[in-house]
Amino acid sequence: MNTSAYKVPMPGRTLIAAAVASLLLVACATAPVRPDGADAARARLTQLQSNPNLATRAPVSMKDAEMAVRVAEQPQSDVEIGKYNVYMADRKVDIAVAQAETALAVDQRAGFAQQSEKARLDERTREADLANSKLASARVEIADQKSQAEITRLAAADAAQQAAVLAAQQSADAAAQLAAQQSANAAQQAAQQAAQQNAEMQRQLDEMHAKMTDRGAVLTLGDVLFATGRADLKVGATNNLDRLVLFLNNYPNRTVVIEGYTDNIGGDEYNMALSQRRSDSVKSYLTGQGISSMRLTSTGKGLSNPIAGNDSASGRQQNRRVEVIIDNPPVALR
Amino acid sequence: MNVSWQRLTDQRLCLAAGLAGALLATACASTPPPTASLQAARSAISHAEEADAGRYAAPELSDARERLAAANSAVDQKMMPAAQRLAEESRVDAQLAFSKAELAKAVAVNDEMKHSNRTLIEEMQRKSGDQP
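Residues numbered from 1 in each chain as written. Chains lettered and ligands numbered in written order. Predicted model: local features only at pLDDT ≥ 70, side-chain atom pairs only at ≥ 80, totals over all residues. Heavy atoms only, no water.

Points about the overall build of chain A
Phase 1 of the analysis: On a plain count of helices and strands, chain A comes out with nine helices and five strands.
Phase 2 of the analysis: Going from N to C terminus, chain A has its helices and strands arranged as α-α-α-α-α-α-β-β-α-β-α-β-α-β.
Phase 3 of the analysis: Residues classed as buried in chain A amount to 29% of the 334 residues present.
Phase 4 of the analysis: Taking all contacts inside chain A whose residues are at least 6 apart in sequence as the whole, residues at least 24 apart take part in 72%.
Phase 5 of the analysis: Of the roughly 20,800 Å² of accessible surface on chain A, 58% is carried by carbon and sulfur atoms. (Helix = DSSP H or I, 4+ residues; strand = E, 2+ residues; numbered from the N terminus. Buried < 20%, exposed > 50% of the residue type's maximum accessible area, 1.4 Å probe, protein only. Contact = heavy atoms within 4.5 Å. Areas by Shrake-Rupley, 256 points an atom, 1.4 Å probe, with all protein chains shown as cover.)

This is the structure:
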(Lines give C-alpha, C1' and ligand atoms only; values in the text may rest on other atoms or scores of the structure.)
Protein backbone atom coordinates (compact mmCIF):
# COMPACT_ATOMS: atom_id res chain seq x y z
CA MET A 1 0.00 0.00 0.00
CA ASN A 2 2.71 2.32 0.96
CA THR A 3 4.69 1.69 -2.14
CA SER A 4 1.64 1.93 -4.26
CA ALA A 5 0.77 5.13 -2.57
CA TYR A 6 4.30 6.36 -3.00
CA LYS A 7 4.35 5.37 -6.60
CA VAL A 8 1.28 7.28 -7.61
CA PRO A 9 1.02 7.88 -11.31
CA MET A 10 1.97 11.25 -12.70
CA PRO A 11 -1.44 12.93 -12.67
CA GLY A 12 -1.85 12.01 -8.96
CA ARG A 13 1.45 13.57 -8.02
CA THR A 14 0.59 16.78 -9.72
CA LEU A 15 -2.61 16.91 -7.75
CA ILE A 16 -0.72 16.58 -4.45
CA ALA A 17 1.78 19.22 -5.44
CA ALA A 18 -1.01 21.53 -6.35
CA ALA A 19 -2.75 20.87 -3.04
CA VAL A 20 0.42 21.59 -1.08
CA ALA A 21 1.04 24.72 -3.07
CA SER A 22 -2.47 26.01 -2.52
CA LEU A 23 -2.17 25.17 1.19
CA LEU A 24 0.97 27.25 1.39
CA LEU A 25 -0.71 30.09 -0.42
CA VAL A 26 -3.67 30.01 1.92
CA ALA A 27 -1.31 29.99 4.89
CA CYS A 28 0.28 33.17 3.60
CA ALA A 29 -2.93 34.85 2.65
CA THR A 30 -4.89 34.84 5.88
CA ALA A 31 -8.13 36.70 5.36
CA PRO A 32 -7.18 40.37 4.67
CA VAL A 33 -8.28 42.65 7.50
CA ARG A 34 -8.46 46.39 8.08
CA PRO A 35 -5.34 47.18 10.13
CA ASP A 36 -5.69 48.20 13.76
CA GLY A 37 -5.43 51.93 14.21
CA ALA A 38 -6.63 52.89 10.74
CA ASP A 39 -9.96 54.01 12.13
CA ALA A 40 -8.27 56.12 14.81
CA ALA A 41 -6.14 57.82 12.17
CA ARG A 42 -9.25 58.53 10.10
CA ALA A 43 -11.01 59.97 13.13
CA ARG A 44 -8.12 62.32 13.88
CA LEU A 45 -7.96 63.44 10.25
CA THR A 46 -11.72 64.10 10.22
CA GLN A 47 -11.34 66.15 13.38
CA LEU A 48 -8.67 68.26 11.69
CA GLN A 49 -10.74 68.66 8.53
CA SER A 50 -13.77 69.81 10.46
CA ASN A 51 -11.91 72.37 12.58
CA PRO A 52 -12.78 75.70 10.94
CA ASN A 53 -9.61 77.33 12.27
CA LEU A 54 -7.32 74.69 10.80
CA ALA A 55 -9.11 72.99 7.89
CA THR A 56 -7.81 75.27 5.15
CA ARG A 57 -4.43 76.20 6.56
CA ALA A 58 -2.17 73.34 5.41
CA PRO A 59 -3.75 72.04 2.20
CA VAL A 60 -0.72 70.12 0.89
CA SER A 61 0.08 68.14 4.01
CA MET A 62 -3.63 67.62 4.59
CA LYS A 63 -3.92 65.97 1.17
CA ASP A 64 -0.86 63.83 1.95
CA ALA A 65 -2.50 62.74 5.18
CA GLU A 66 -5.77 61.95 3.42
CA MET A 67 -3.97 59.69 0.94
CA ALA A 68 -1.98 57.96 3.66
CA VAL A 69 -5.14 57.31 5.68
CA ARG A 70 -6.83 55.81 2.62
CA VAL A 71 -3.88 53.47 2.14
CA ALA A 72 -3.99 52.53 5.82
CA GLU A 73 -7.70 51.72 5.53
CA GLN A 74 -7.07 49.10 2.84
CA PRO A 75 -7.48 45.58 4.22
CA GLN A 76 -4.05 43.96 4.54
CA SER A 77 -3.10 40.29 4.76
CA ASP A 78 0.46 41.18 5.75
CA VAL A 79 0.31 42.45 9.33
CA GLU A 80 3.67 44.20 9.04
CA ILE A 81 2.57 46.19 6.01
CA GLY A 82 -0.71 47.03 7.72
CA LYS A 83 1.15 48.38 10.75
CA TYR A 84 3.50 50.33 8.53
CA ASN A 85 0.62 51.92 6.63
CA VAL A 86 -1.09 52.93 9.86
CA TYR A 87 2.16 54.40 11.23
CA MET A 88 2.66 56.47 8.11
CA ALA A 89 -0.95 57.66 8.21
CA ASP A 90 -0.67 58.62 11.89
CA ARG A 91 2.49 60.59 11.39
CA LYS A 92 1.16 62.39 8.33
CA VAL A 93 -1.96 63.43 10.21
CA ASP A 94 0.33 64.71 13.00
CA ILE A 95 2.36 66.68 10.45
CA ALA A 96 -0.79 68.19 8.92
CA VAL A 97 -2.03 69.23 12.38
CA ALA A 98 1.31 70.80 13.29
CA GLN A 99 1.55 72.71 10.01
CA ALA A 100 -2.04 73.95 10.20
CA GLU A 101 -1.49 75.13 13.76
CA THR A 102 1.73 76.86 12.70
CA ALA A 103 -0.10 78.67 9.90
CA LEU A 104 -2.83 79.68 12.33
CA ALA A 105 -0.24 81.05 14.77
CA VAL A 106 1.38 83.08 12.00
CA ASP A 107 -2.00 84.43 10.87
CA GLN A 108 -2.84 85.50 14.41
CA ARG A 109 0.17 87.81 14.52
CA ALA A 110 -1.53 90.51 12.50
CA GLY A 111 -4.16 90.67 15.23
CA PHE A 112 -1.52 90.95 17.95
CA ALA A 113 0.28 93.69 16.04
CA GLN A 114 -3.04 95.52 15.74
CA GLN A 115 -3.64 95.10 19.45
CA SER A 116 -0.26 96.54 20.30
CA GLU A 117 -0.79 99.38 17.83
CA LYS A 118 -4.12 100.12 19.48
CA ALA A 119 -2.53 100.00 22.92
CA ARG A 120 0.14 102.45 21.79
CA LEU A 121 -2.49 104.71 20.28
CA ASP A 122 -4.54 104.60 23.46
CA GLU A 123 -1.40 105.48 25.37
CA ARG A 124 -0.78 108.50 23.18
CA THR A 125 -4.42 109.57 23.43
CA ARG A 126 -4.21 109.23 27.18
CA GLU A 127 -1.06 111.34 27.30
CA ALA A 128 -2.70 113.97 25.12
CA ASP A 129 -5.81 113.94 27.34
CA LEU A 130 -3.61 114.31 30.40
CA ALA A 131 -1.83 117.28 28.84
CA ASN A 132 -5.18 118.82 27.92
CA SER A 133 -6.59 118.39 31.39
CA LYS A 134 -3.44 119.94 32.86
CA LEU A 135 -3.89 122.83 30.48
CA ALA A 136 -7.54 123.15 31.46
CA SER A 137 -6.73 123.16 35.16
CA ALA A 138 -4.03 125.74 34.54
CA ARG A 139 -6.66 127.85 32.80
CA VAL A 140 -9.04 127.45 35.70
CA GLU A 141 -6.26 128.54 38.01
CA ILE A 142 -5.59 131.61 35.95
CA ALA A 143 -9.30 132.38 35.88
CA ASP A 144 -9.33 131.99 39.66
CA GLN A 145 -6.46 134.38 39.97
CA LYS A 146 -8.25 136.79 37.70
CA SER A 147 -11.42 136.67 39.71
CA GLN A 148 -9.35 137.11 42.83
CA ALA A 149 -7.84 140.19 41.25
CA GLU A 150 -11.32 141.36 40.32
CA ILE A 151 -12.45 141.02 43.93
CA THR A 152 -9.43 142.98 45.07
CA ARG A 153 -10.12 145.59 42.45
CA LEU A 154 -13.79 145.85 43.51
CA ALA A 155 -12.74 146.20 47.10
CA ALA A 156 -10.34 148.92 46.08
CA ALA A 157 -13.10 150.59 44.08
CA ASP A 158 -15.38 150.38 47.11
CA ALA A 159 -12.75 151.99 49.24
CA ALA A 160 -12.23 154.58 46.58
CA GLN A 161 -15.98 155.24 46.45
CA GLN A 162 -16.13 155.62 50.17
CA ALA A 163 -13.21 157.95 49.97
CA ALA A 164 -14.99 159.82 47.18
CA VAL A 165 -18.16 160.08 49.25
CA LEU A 166 -16.09 161.35 52.07
CA ALA A 167 -14.37 163.74 49.72
CA ALA A 168 -17.74 164.85 48.36
CA GLN A 169 -18.86 165.57 51.82
CA GLN A 170 -15.72 167.52 52.28
CA SER A 171 -15.71 169.12 48.87
CA ALA A 172 -18.47 168.41 46.32
CA ASP A 173 -16.76 170.60 43.78
CA ALA A 174 -13.52 168.76 43.97
CA ALA A 175 -15.33 165.42 43.63
CA ALA A 176 -17.28 166.58 40.58
CA GLN A 177 -14.07 167.77 39.06
CA LEU A 178 -12.44 164.45 39.72
CA ALA A 179 -15.36 162.54 38.19
CA ALA A 180 -15.30 164.69 35.11
CA GLN A 181 -11.58 164.18 34.90
CA GLN A 182 -12.03 160.40 35.19
CA SER A 183 -14.72 160.15 32.54
CA ALA A 184 -12.68 162.32 30.26
CA ASN A 185 -9.73 160.05 30.84
CA ALA A 186 -11.81 156.97 30.05
CA ALA A 187 -13.17 158.49 26.85
CA GLN A 188 -9.73 159.49 25.80
CA GLN A 189 -8.44 156.04 26.51
CA ALA A 190 -11.21 154.41 24.47
CA ALA A 191 -10.58 156.75 21.61
CA GLN A 192 -6.90 156.06 21.80
CA GLN A 193 -7.52 152.34 21.74
CA ALA A 194 -9.83 152.55 18.76
CA ALA A 195 -7.31 154.70 17.00
CA GLN A 196 -4.60 152.22 17.77
CA GLN A 197 -6.68 149.40 16.37
CA ASN A 198 -7.45 151.29 13.23
CA ALA A 199 -3.84 152.28 12.90
CA GLU A 200 -2.80 148.66 13.19
CA MET A 201 -5.26 147.62 10.47
CA GLN A 202 -4.13 150.47 8.32
CA ARG A 203 -0.54 149.45 8.85
CA GLN A 204 -1.36 145.94 7.68
CA LEU A 205 -3.24 147.26 4.66
CA ASP A 206 -0.36 149.55 3.84
CA GLU A 207 1.98 146.62 4.04
CA MET A 208 -0.02 145.05 1.24
CA HIS A 209 0.06 148.31 -0.70
CA ALA A 210 -3.69 148.51 -0.55
CA LYS A 211 -5.29 151.63 -1.99
CA MET A 212 -8.18 153.10 -0.13
CA THR A 213 -11.09 153.63 -2.49
CA ASP A 214 -14.80 154.18 -1.99
CA ARG A 215 -15.33 150.45 -2.61
CA GLY A 216 -12.99 149.51 0.21
CA ALA A 217 -9.29 148.77 0.40
CA VAL A 218 -8.15 147.58 -3.03
CA LEU A 219 -5.15 145.36 -3.24
CA THR A 220 -3.72 145.03 -6.74
CA LEU A 221 -1.82 141.87 -7.52
CA GLY A 222 0.34 142.39 -10.58
CA ASP A 223 0.73 140.02 -13.46
CA VAL A 224 3.94 138.69 -11.93
CA LEU A 225 1.58 136.24 -10.22
CA PHE A 226 0.89 134.45 -13.49
CA ALA A 227 2.78 133.25 -16.53
CA THR A 228 1.54 134.53 -19.91
CA GLY A 229 -1.81 132.99 -20.80
CA ARG A 230 -1.82 130.82 -17.72
CA ALA A 231 -3.97 130.94 -14.61
CA ASP A 232 -1.94 128.98 -12.08
CA LEU A 233 -0.03 131.02 -9.53
CA LYS A 234 3.72 131.15 -9.96
CA VAL A 235 5.74 129.57 -7.23
CA GLY A 236 7.18 132.24 -4.94
CA ALA A 237 4.71 134.89 -6.15
CA THR A 238 2.50 134.49 -3.14
CA ASN A 239 4.16 136.82 -0.60
CA ASN A 240 1.55 139.48 -0.99
CA LEU A 241 -1.22 136.87 -0.87
CA ASP A 242 0.20 135.49 2.35
CA ARG A 243 -0.02 138.97 3.90
CA LEU A 244 -3.64 139.01 2.78
CA VAL A 245 -4.20 135.64 4.42
CA LEU A 246 -2.73 136.98 7.65
CA PHE A 247 -4.95 140.05 7.43
CA LEU A 248 -8.07 137.98 6.80
CA ASN A 249 -7.19 135.76 9.71
CA ASN A 250 -6.81 138.80 11.97
CA TYR A 251 -10.13 140.29 10.84
CA PRO A 252 -12.43 137.33 10.41
CA ASN A 253 -15.54 139.39 9.66
CA ARG A 254 -14.04 140.90 6.51
CA THR A 255 -15.17 139.62 3.11
CA VAL A 256 -13.27 139.96 -0.10
CA VAL A 257 -14.09 140.35 -3.80
CA ILE A 258 -11.48 139.07 -6.18
CA GLU A 259 -11.57 140.52 -9.69
CA GLY A 260 -9.43 139.36 -12.56
CA TYR A 261 -8.45 141.74 -15.39
CA THR A 262 -6.48 141.24 -18.59
CA ASP A 263 -4.96 143.26 -21.37
CA ASN A 264 -6.48 143.31 -24.84
CA ILE A 265 -4.35 140.59 -26.38
CA GLY A 266 -6.68 137.82 -27.56
CA GLY A 267 -10.44 138.03 -27.90
CA ASP A 268 -13.03 139.13 -25.40
CA GLU A 269 -14.13 135.62 -24.61
CA TYR A 270 -10.60 134.36 -24.13
CA ASN A 271 -9.77 137.24 -21.81
CA MET A 272 -13.00 136.91 -19.91
CA ALA A 273 -12.30 133.22 -19.30
CA LEU A 274 -8.66 133.80 -18.48
CA SER A 275 -9.47 136.55 -15.98
CA GLN A 276 -12.13 134.35 -14.40
CA ARG A 277 -9.66 131.48 -14.07
CA ARG A 278 -7.03 133.80 -12.60
CA SER A 279 -9.38 135.21 -10.00
CA ASP A 280 -10.55 131.66 -9.25
CA SER A 281 -6.93 130.66 -8.85
CA VAL A 282 -6.35 133.39 -6.27
CA LYS A 283 -9.54 132.39 -4.50
CA SER A 284 -8.51 128.76 -4.37
CA TYR A 285 -5.10 129.76 -3.02
CA LEU A 286 -6.80 131.66 -0.23
CA THR A 287 -9.20 128.81 0.57
CA GLY A 288 -6.18 126.51 0.51
CA GLN A 289 -4.70 128.71 3.24
CA GLY A 290 -7.77 128.18 5.38
CA ILE A 291 -9.90 131.20 4.45
CA SER A 292 -13.56 130.23 4.20
CA SER A 293 -14.84 130.39 0.63
CA MET A 294 -17.98 132.04 2.03
CA ARG A 295 -15.90 135.18 2.52
CA LEU A 296 -14.48 135.16 -1.01
CA THR A 297 -16.12 136.11 -4.29
CA SER A 298 -14.20 135.79 -7.53
CA THR A 299 -15.20 137.30 -10.86
CA GLY A 300 -13.55 137.71 -14.24
CA LYS A 301 -13.72 141.19 -15.73
CA GLY A 302 -11.78 140.43 -18.91
CA LEU A 303 -10.23 143.36 -20.68
CA SER A 304 -12.64 145.88 -19.14
CA ASN A 305 -11.55 148.73 -16.86
CA PRO A 306 -7.94 149.06 -18.03
CA ILE A 307 -5.91 151.11 -15.60
CA ALA A 308 -3.32 151.91 -18.25
CA GLY A 309 -3.07 152.05 -22.03
CA ASN A 310 -3.02 148.76 -23.88
CA ASP A 311 -0.74 150.22 -26.52
CA SER A 312 2.46 149.66 -24.58
CA ALA A 313 3.94 146.61 -23.03
CA SER A 314 4.17 148.28 -19.61
CA GLY A 315 0.54 149.44 -19.92
CA ARG A 316 -0.59 145.92 -20.83
CA GLN A 317 1.40 144.59 -17.97
CA GLN A 318 -0.39 146.96 -15.57
CA ASN A 319 -3.72 145.89 -16.99
CA ARG A 320 -2.99 142.22 -16.42
CA ARG A 321 -3.85 142.12 -12.77
CA VAL A 322 -6.03 140.72 -10.04
CA GLU A 323 -7.66 143.17 -7.71
CA VAL A 324 -8.65 142.14 -4.25
CA ILE A 325 -11.25 144.43 -2.71
CA ILE A 326 -11.48 144.18 1.04
CA ASP A 327 -15.00 145.23 1.98
CA ASN A 328 -15.80 147.60 4.82
CA PRO A 329 -13.12 150.23 5.02
CA PRO A 330 -11.50 150.14 8.44
CA VAL A 331 -12.79 153.57 9.41
CA ALA A 332 -16.37 152.31 9.12
CA LEU A 333 -15.64 149.60 11.62
CA ARG A 334 -16.19 150.32 15.34
CA MET B 1 11.44 2.23 -21.26
CA ASN B 2 8.73 2.99 -18.84
CA VAL B 3 11.12 2.97 -15.89
CA SER B 4 13.72 5.09 -17.64
CA TRP B 5 11.02 7.63 -18.55
CA GLN B 6 9.99 7.83 -14.94
CA ARG B 7 13.60 8.30 -13.79
CA LEU B 8 14.04 10.96 -16.35
CA THR B 9 10.93 12.75 -15.09
CA ASP B 10 12.22 12.57 -11.51
CA GLN B 11 15.51 14.06 -12.61
CA ARG B 12 13.67 16.83 -14.41
CA LEU B 13 11.60 17.53 -11.33
CA CYS B 14 14.70 17.79 -9.20
CA LEU B 15 16.35 20.09 -11.69
CA ALA B 16 13.29 22.29 -11.90
CA ALA B 17 13.02 22.49 -8.12
CA GLY B 18 16.71 23.36 -7.85
CA LEU B 19 16.43 25.98 -10.52
CA ALA B 20 13.39 27.50 -8.87
CA GLY B 21 15.16 27.59 -5.52
CA ALA B 22 18.22 29.20 -7.01
CA LEU B 23 16.02 31.74 -8.75
CA LEU B 24 14.22 32.55 -5.53
CA ALA B 25 17.52 32.90 -3.69
CA THR B 26 18.94 35.23 -6.33
CA ALA B 27 15.74 37.21 -6.32
CA CYS B 28 16.14 37.87 -2.60
CA ALA B 29 19.83 38.58 -2.73
CA SER B 30 19.54 40.94 -5.66
CA THR B 31 16.87 43.22 -4.11
CA PRO B 32 18.87 46.44 -3.85
CA PRO B 33 18.99 48.39 -0.56
CA PRO B 34 16.44 51.25 -0.41
CA THR B 35 19.13 53.84 -1.03
CA ALA B 36 16.76 56.63 -2.01
CA SER B 37 14.56 56.15 1.05
CA LEU B 38 17.57 56.04 3.35
CA GLN B 39 18.96 59.18 1.79
CA ALA B 40 15.58 60.92 2.10
CA ALA B 41 15.40 59.97 5.78
CA ARG B 42 18.92 61.28 6.41
CA SER B 43 18.24 64.60 4.76
CA ALA B 44 14.89 64.97 6.53
CA ILE B 45 16.70 64.42 9.83
CA SER B 46 19.32 67.05 9.14
CA HIS B 47 16.58 69.43 7.97
CA ALA B 48 14.83 68.90 11.31
CA GLU B 49 18.10 69.37 13.20
CA GLU B 50 18.66 72.70 11.43
CA ALA B 51 15.18 73.75 12.56
CA ASP B 52 16.21 73.16 16.18
CA ALA B 53 14.05 70.04 16.48
CA GLY B 54 16.55 68.73 19.05
CA ARG B 55 15.24 71.43 21.34
CA TYR B 56 11.59 71.70 20.35
CA ALA B 57 10.70 68.13 19.21
CA ALA B 58 13.28 65.89 20.83
CA PRO B 59 11.15 62.70 21.03
CA GLU B 60 10.20 62.81 17.35
CA LEU B 61 13.76 63.53 16.29
CA SER B 62 15.19 60.66 18.29
CA ASP B 63 12.44 58.41 16.86
CA ALA B 64 13.66 59.32 13.41
CA ARG B 65 17.28 58.56 14.30
CA GLU B 66 16.36 55.23 15.90
CA ARG B 67 14.42 54.13 12.87
CA LEU B 68 17.16 55.18 10.49
CA ALA B 69 19.62 53.08 12.47
CA ALA B 70 17.19 50.15 12.39
CA ALA B 71 16.80 50.57 8.65
CA ASN B 72 20.56 50.44 8.18
CA SER B 73 20.81 47.30 10.25
CA ALA B 74 17.99 45.71 8.23
CA VAL B 75 19.98 46.45 5.10
CA ASP B 76 22.96 44.64 6.67
CA GLN B 77 20.70 41.66 7.31
CA LYS B 78 19.46 41.78 3.72
CA MET B 79 15.90 42.47 4.94
CA MET B 80 15.26 45.01 2.27
CA PRO B 81 11.45 45.43 2.49
CA ALA B 82 11.75 46.03 6.23
CA ALA B 83 14.63 48.42 5.63
CA GLN B 84 12.52 50.30 3.12
CA ARG B 85 9.63 50.63 5.56
CA LEU B 86 11.88 51.71 8.42
CA ALA B 87 13.54 54.32 6.26
CA GLU B 88 10.16 55.74 5.23
CA GLU B 89 9.02 55.78 8.85
CA SER B 90 12.22 57.54 9.83
CA ARG B 91 11.58 60.16 7.14
CA VAL B 92 8.05 60.97 8.36
CA ASP B 93 9.32 61.03 11.96
CA ALA B 94 11.89 63.62 10.94
CA GLN B 95 9.29 65.62 9.00
CA LEU B 96 7.03 65.59 12.03
CA ALA B 97 9.95 66.69 14.22
CA PHE B 98 10.56 69.57 11.82
CA SER B 99 6.89 70.60 11.75
CA LYS B 100 6.61 70.44 15.52
CA ALA B 101 9.74 72.56 15.92
CA GLU B 102 8.32 75.15 13.53
CA LEU B 103 5.06 75.15 15.46
CA ALA B 104 6.83 75.55 18.78
CA LYS B 105 8.83 78.49 17.46
CA ALA B 106 5.74 80.13 15.98
CA VAL B 107 3.89 79.75 19.26
CA ALA B 108 6.90 81.17 21.13
CA VAL B 109 6.88 84.26 18.91
CA ASN B 110 3.14 84.72 19.50
CA ASP B 111 3.55 84.27 23.24
CA GLU B 112 6.23 86.94 23.18
CA MET B 113 3.91 89.30 21.29
CA LYS B 114 1.05 88.62 23.69
CA HIS B 115 3.37 89.16 26.62
CA SER B 116 4.63 92.51 25.35
CA ASN B 117 1.08 93.63 24.59
CA ARG B 118 0.06 92.73 28.08
CA THR B 119 3.07 94.55 29.53
CA LEU B 120 2.22 97.63 27.50
CA ILE B 121 -1.39 97.61 28.65
CA GLU B 122 -0.36 97.07 32.27
CA GLU B 123 2.17 99.86 32.00
CA MET B 124 -0.55 102.16 30.71
CA GLN B 125 -2.94 101.21 33.45
CA ARG B 126 -0.23 101.81 36.03
CA LYS B 127 0.45 105.25 34.54
CA SER B 128 -3.24 106.14 34.45
CA GLY B 129 -3.37 105.11 38.10
CA ASP B 130 -0.76 107.82 38.78
CA GLN B 131 -2.93 110.33 37.04
CA PRO B 132 -4.12 112.98 39.52
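Side note on the pattern of salt bridges
A side chain with one charge may pair with a side chain of the opposite charge, provided their charged atoms come close.
Phase 1 of the analysis: Under the counting rule described, the total for this entry stands at 24 salt bridges over all chains.
Phase 2 of the analysis: A salt bridge links Glu323(A) to Arg321(A); the nearest nitrogen and oxygen atoms lie 2.9 Å apart. Neither residue differs from the other here; Glu323(A) and Arg321(A) are each classed as buried.
Phase 3 of the analysis: A salt bridge links Asp52(B) to Arg55(B); the nearest nitrogen and oxygen atoms lie 4.0 Å apart. (Salt bridge = Lys/Arg side-chain N within 4 Å of Asp/Glu carboxyl O.)

Considering helix 4 (residues 58-76) of chain B
Residue and element names in this part refer to chain B.
Phase 1 of the analysis: Relative to the 27 Å expected for 19 residues at 1.5 Å per residue, helix 4 spans 27 Å between its end C-alpha atoms, a close match to the ideal helical length.
Phase 2 of the analysis: Taken residue by residue, helix 4 has Glu-60, Leu-61, Ala-64, Leu-68, Ala-71, Ala-74 and Val-75 as its buried positions. Considered in projection along helix 4, the buried side chains sweep an arc of 140 degrees and stay on one side of the axis. In helix 4, the exposed residues that point more than 90 degrees away from the buried face are Pro-59, Glu-66 and Asp-76.
Phase 3 of the analysis: Phi turns positive one or two residues past the end of helix 4, at Lys-78, with a value near 60 degrees. (Expected span 1.5 Å × (residues − 1). Arc of directions from axis to C-beta.)

Focus on helix 7 (residues 239-250) of chain A
All names here are of chain A.
Phase 1 of the analysis: For helix 7, with twelve residues, the first-to-last C-alpha span of 17 Å sits near the 16 Å given by 1.5 Å per residue.
Phase 2 of the analysis: Where helix 7 is concerned, the buried positions are Asn-240, Leu-241, Leu-244, Val-245, Phe-247 and Leu-248. Taken around the axis of helix 7, the buried residues stretch over an arc of 165 degrees, which confines them to a single face. Projecting away from the buried face of helix 7 at angles above 90 degrees are the exposed residues Asn-239 and Leu-246.

Focus: the interface of chain A and chain B
Phase 1 of the analysis: At the interface, 29 residues of chain A touch 30 residues of chain B.
Phase 2 of the analysis: With both chains or domains summed, chain A and chain B bury close to 2,700 Å², and 65% of this area falls on carbon and sulfur atoms.
Phase 3 of the analysis: Counting the contacts that link chain A with chain B gives two salt bridges.
Phase 4 of the analysis: One salt bridge connects Asp63(B) with Arg91(A), and the closest N-O pair in it is separated by 2.6 Å.
Phase 5 of the analysis: Counting across the chain A and chain B interface gives ten residue pairs in polar contact (both at pLDDT 80 or more). (Buried area = accessible area lost by both parts, 1.4 Å probe. Polar contact = N/O pair within 3.5 Å; in protein donor to acceptor, adjacent residues only side chain to side chain.)

Considerations on the environment of Val256(A)
Residues and elements named next belong to chain A.
Phase 1 of the analysis: Here Val-256 lies in strand 3 (residues 256-261).
Phase 2 of the analysis: Taking relative accessible area as the criterion, Val-256 reaches 1% and is therefore assigned buried.
Phase 3 of the analysis: A C-alpha to C-alpha distance of 10.0 Å links Val-256 and Glu-323, two positions 67 residues apart in sequence.
Phase 4 of the analysis: The residues contacting Val-256, other than those within four sequence positions of it, are Leu-248, Arg-295, Leu-296, Thr-297, Val-324, Ile-325 and Ile-326.

Regarding the packing of helix 2 (residues 35-50) of chain B against helix 4 of chain B
When two helices pack together, their arrangement is given by the angle between the helix axes and the distance between those axes.
Residues and elements named next belong to chain B.
Phase 1 of the analysis: Where helix 2 contacts helix 4, the two axes come as close as 10 Å, and the packing angle between them is 160 degrees. With respect to helix 4, the element helix 2 is oriented roughly antiparallel. Crossing of helix 2 over helix 4 shows left-handed handedness. Of helix 4, the residues touching helix 2 (which contributes Leu-38, Ala-41, Arg-42, Ile-45, Ala-48 and Glu-49) are Leu-61, Ala-64, Arg-65, Leu-68, Ala-71, Asn-72 and Val-75. (Axes fitted to C-alpha atoms, helices over the stretch in contact; angles between N-to-C directions. Parallel < 35°, antiparallel > 145°, perpendicular 65-115°, else oblique. Left-handed = near helix turned anticlockwise from the far one by under 90°.)

Examining the side chain of Glu259(A)
Residues and elements named next belong to chain A.
Phase 1 of the analysis: With respect to the helices, strands and loops of the structure, Glu-259 is situated in strand 3.
Phase 2 of the analysis: A polar atom in the side chain of Glu-259 sits 2.6 Å from the side chain of Tyr-261.
Phase 3 of the analysis: Once residues within four sequence positions are removed from consideration, Glu-259 is found in contact with Arg-215, Ser-279, Thr-299, Lys-301, Arg-321, Val-322, Glu-323 and Ile-325.

With respect to the packing of helix 3 (residues 38-49) of chain A against helix 4 (residues 59-73) of chain A
Residue and element names in this part refer to chain A.
Phase 1 of the analysis: Where helix 3 contacts helix 4, the axes come no closer than 9 Å and their chain directions differ by 155 degrees. The angle between the axes of helix 3 and helix 4 places the two elements in the roughly antiparallel class. Seen from above, helix 3 lies across helix 4 with left-handed handedness. Contacts from Ala-38, Ala-41, Arg-42, Leu-45, Leu-48 and Gln-49 of helix 3 reach helix 4 at Met-62, Ala-65, Glu-66, Val-69, Arg-70, Ala-72 and Glu-73.
Phase 2 of the analysis: Considering only residue class, the contact of helix 3 with helix 4 consists of eight nonpolar, one polar and four charged. (Nonpolar A, V, L, I, M, F, W, Y, C, P; charged D, E, K, R; others polar.)

Notes on the confidence of the model for chain B
Phase 1 of the analysis: Of the residues in chain B, 73% reach a pLDDT of 70 or more, and the chain-wide mean stands at 83.
Phase 2 of the analysis: Mean pLDDT across the elements of chain B ranges from a minimum in helix 1 (residues 2-29) of chain B, with 58, to a maximum in helix 2 of chain B, with 96. (pLDDT = per-residue confidence, 0-100.)

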